[in-house]
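One letter stands for each residue in the lines below.
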Amino acid sequence: MRKKILLTSLSIIFITSLVIFLWWNFGLFSSYNYFAAKRDIKNGNIKFVSFGLPIVCSKDAEIKMVMNKYGFKVCNIGCFVTHQEINAIETYNNVVEQYLTQQNGKNWRTTYQKEVDSLYRIAFDQQ
């Protein structure tokens, strides 16, 4: 009987520790996590998740066209996020990044960033 109680207690501690680890490090119970990224990719809803204040400029429509060219969009979830949500978003975005690298080639991010930077330069030089 004592051995059974000990095994049950150790099992509960292990499962609880595992759940806390997954929640803390991978945001398993967040809206954005590894599994959500795989599901969104499968459904053709490829997006990067960001948080904080978004940059707004007069070239937003052109920037969205560049994003469409590379096959993704950006979803901003606001300013107030927890540490667990940040970890989940990083995991989510890493999965999306790997997928887009397969789709667009190894250096797609550099090319994309140059195109967007040139649009920002044009937008902010006009002011």
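As a starting point, this report considers the structure included with it.

Rules used throughout
Residues numbered from 1 in each chain as written. Predicted model: local features only at pLDDT ≥ 70, side-chain atom pairs only at ≥ 80, totals over all residues. Heavy atoms only, no water. Salt bridge = Lys/Arg side-chain N within 4 Å of Asp/Glu carboxyl O. Buried < 20%, exposed > 50% of the residue type's maximum accessible area, 1.4 Å probe, protein only. Helix = DSSP H or I, 4+ residues; strand = E, 2+ residues; numbered from the N terminus. Contact = heavy atoms within 4.5 Å. Phe/Tyr/Trp six-rings, centres within 6.5 Å; stacked < 30°, edge-to-face > 60°. Lys NZ or Arg CZ within 6 Å of the ring centre and 35° of its normal.

### Section: the pattern of salt bridges
Point 1. Applying the stated rule across the entire model yields 4 salt bridges.
Point 2. For K47, the salt bridge goes to D40, with nearest N and O atoms at 3.6 Å. Each member of the pair, K47 together with D40, is buried.
Point 3. As a salt-bridge pair, E115 and K69 come within 3.1 Å of each other at their nearest N and O atoms. Placement of E115 in helix α5 (residues 108-125) and of K69 in helix α3 (residues 60-70) is noted, with a sequence separation of 46 residues between them.
Point 4. Through salt bridges that share partners, R39, D40 and K47 make up one connected network.

### Side note on the side chain of K47
Point 1. Relative to the elements of secondary structure, K47 occurs in strand β1 (residues 47-50).
Point 2. For K47, a relative accessible area of 10% corresponds to the buried category.
Point 3. Leaving out residues up to four positions away in the same chain, K47 has contacts with Y32, D40, K73, C75, Y92, N93 and V96.

### Quick word on the packing of aromatic side chains
The relative placement of two aromatic rings is captured by the distance of their centres and the angle of their planes.
Point 1. Throughout the structure, instances matching the rule amount to 8 aromatic pairs.
Point 2. Where Y32 meets Y92, the ring centres are 5.3 Å apart and the plane angle is 85 degrees; that geometry is what we call edge-to-face. Of this pair, Y32 sits in the loop between α1 (2-26) and α2 (34-42) while Y92 sits in helix α4 (residues 83-104), and the two are 60 residues apart along the sequence. For the residue pair Y32 and Y92, the accessibility class agrees, reading buried in each case.
Point 3. Here W108 and Y112 contribute two aromatic rings whose centre-to-centre distance is 6.1 Å and whose plane-to-plane angle is 45 degrees, an arrangement assigned as tilted. Highlighted residues: W108 and Y112, both in helix α5, separated by 4 residues, approximately one helical turn. With respect to class, W108 is no different from Y112; both count as buried.
Point 4. The structure contains a cluster of three or more aromatic residues connected by ring pairs, namely F48, Y70, F72, W108 and Y112.
Point 5. The aromatic ring of F48 is capped on one face by R109, whose charged end is 4.9 Å from the ring centroid.

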